[in-house]
Amino acid sequence: MRRGLAAGNWKMNGTGGDLGEIALLAAAHPAPASEVLICPPATLIARMADAARGTPIAVGGQDCHPAEKGAHTGDLSAAMLAEAGASHVILGHSERRADHGETDDLVRAKAEAARAAGLTAIVCVGETLAEREAGRTLEIVEGQLAGSVPDGAAGDTLVVAYEPVWAIGTGLTPTTEQIAEVHAALRAALTARFGAEIAGAIRLLYGGSVKAANATEIFAVADVDGALVGGASLKAADFGPIVAALDARLG
Ligand code: PGA
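In this text the structure is predicted, and so the values were computed from the model without any measurement.

(A) Here's a closer look at the overall build of the protein. Helix and strand counts for the protein come out as 11 helices and eight strands. Its C-alpha radius of gyration of 17 Å places the protein within 12% of the 18 Å reference for a compact globule of 251 residues. The burial tally for the protein puts 51% of its 251 residues in the buried class. Excluding contacts between residues fewer than 6 apart, the proportion of contacts in the protein whose partners are at least 24 apart in sequence is 73%. Looking at charge distribution, the protein has the averaged site of its 19 positive side-chain charges lying 3 Å from that of its 30 negative ones.

Laid out in structure tokens, this is it:
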């Protein structure tokens, strides 16, 4: 049984005054069966790691550079994130693919750098509304998966998040049938590439407008091992019930 993962993506939200959410979340969920992760802006990683010490909450980054170091103004290496206290890093989020022109090749190189630094990569894939309406959803996500996931992936170094671009921050979510179809296709593609044992250990998250009100329904879908949560991860009062819903499903 794969352990559940409830991952929060704070995006470009949060300053020092928001770190109190960690204590609130830990107090409400002192011993979750699921893994609980918050990925704050890079400026907060070290302080959040301090705030989370002694709690079950892990801290992650939202991006890293593929290189170990060098002349890359404004970028952060995977080793820097790890040193600051991160254990995970989100890679290839659709906002980075759109805002920064990130390609599958670049995401794959970042995932390799993350693994070399001991970080678990959460690699994101997902179709736009136009792609879904054109009937291209599986072709798109399978192509992103093939291009973005490095060889030698394993359950402890890779998590895949299916995030339909049209569901992010919109309040729209796919039907449970649509989520099930994509997750089954992702699991099948991972199985074809890595074999059943390795593919069976890689967690598949759903992301896009997950909130307490829809979490239980989404977590009941086959091959959904957790969620990548944006807006509803910013407050412990919103994220805690999502953790509870995941614990109730699979732990
Ligand atoms: P959302 O964002 O939960 O606010 O829709 C999800 C994400 O982009 O990871």
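So much for the structure itself; the text now carries on.
(B) Spotlight on the sheet that holds strand S3 (residues 57-61). With respect to topology, eight strands assemble into a closed barrel ordered S1-S2-S3-S4-S5-S6-S7-S8, the strand pairing being parallel. Taking the axes of each pair of neighbouring strands and ignoring which way they run, one obtains an average angle of 25 degrees across the sheet. Across four bridges, strand S4 (residues 88-91) lies against strand S5 (residues 120-125) in parallel orientation. Among the inter-strand pairings, Leu 91 is bridged to a residue of S5, identified as Val 123. Sheet contacts for helix H11 (residues 236-249): strand S1 (5-9), strand S2 (35-39) and strand S8 (226-229); angle to S1, the most-contacted strand, approximately 160 degrees.

(C) Examining the site of the ligand more closely. Around the ligand sit 13 residues, and of these Lys 11, His 93, Glu 163, Gly 169 and Ser 209 come closest. Within the side chain of His 93, an N or O atom sits 2.6 Å from an oxygen atom of the ligand. In this structure, an oxygen atom belonging to the ligand sits 2.8 Å away from a main-chain N or O atom of Ser 209. For the ligand, the accessible surface in isolation is 290 Å², of which the surrounding protein chains cover 94%. For the shell around the ligand, the residue count by class is four nonpolar, seven polar and two charged.

(D) Helix H2 (residues 45-52), seen in detail. Within H2, the full set of buried residues consists of Ile 45, Met 48, Ala 49 and Ala 52. End-on, the buried residues of H2 take up no more than an arc of 105 degrees, which puts them together on one face. Check the buried side of H2 and you find it contacts helix H1 (20-28), S2, S3 and helix H3 (78-84). Of the residues one or two after H2, Gly 54 is the one with positive phi, at around 85 degrees.

(E) Region of interest: the pattern of salt bridges. All chains considered together, the criterion is met by 17 salt bridges. Notably, a salt bridge pairs Arg 132 with Glu 127, separated by 2.8 Å at the nearest N-O pair. A relative accessible area of 0% places Glu 127 in the buried class. For Asp 223, the salt bridge goes to Arg 187, with nearest N and O atoms at 2.6 Å. Of this pair, Asp 223 sits in the loop between helix H10 (212-219) and S8 while Arg 187 sits in helix H8 (residues 176-194), and the two are 36 residues apart along the sequence.

Calculation criteria
Residues numbered from 1 in each chain as written. Predicted model: local features only at pLDDT ≥ 70, side-chain atom pairs only at ≥ 80, totals over all residues. Heavy atoms only, no water. Helix = DSSP H or I, 4+ residues; strand = E, 2+ residues; numbered from the N terminus. Rg over C-alpha atoms; globule rule 2.2 N^0.38 Å. Buried < 20%, exposed > 50% of the residue type's maximum accessible area, 1.4 Å probe, protein only. Contact = heavy atoms within 4.5 Å. Lys, Arg positive; Asp, Glu negative; His and termini not counted. Charge placed at Lys NZ, Arg CZ, Asp CG, Glu CD. Pairing = 2+ DSSP bridges. Axes fitted to C-alpha atoms, helices over the stretch in contact; angles between N-to-C directions. Near = heavy atom within 4 Å. Polar contact = N/O pair within 3.5 Å; in protein donor to acceptor, adjacent residues only side chain to side chain. Areas by Shrake-Rupley, 256 points an atom, 1.4 Å probe, with all protein chains shown as cover. Nonpolar A, V, L, I, M, F, W, Y, C, P; charged D, E, K, R; others polar. Arc of directions from axis to C-beta. Salt bridge = Lys/Arg side-chain N within 4 Å of Asp/Glu carboxyl O.

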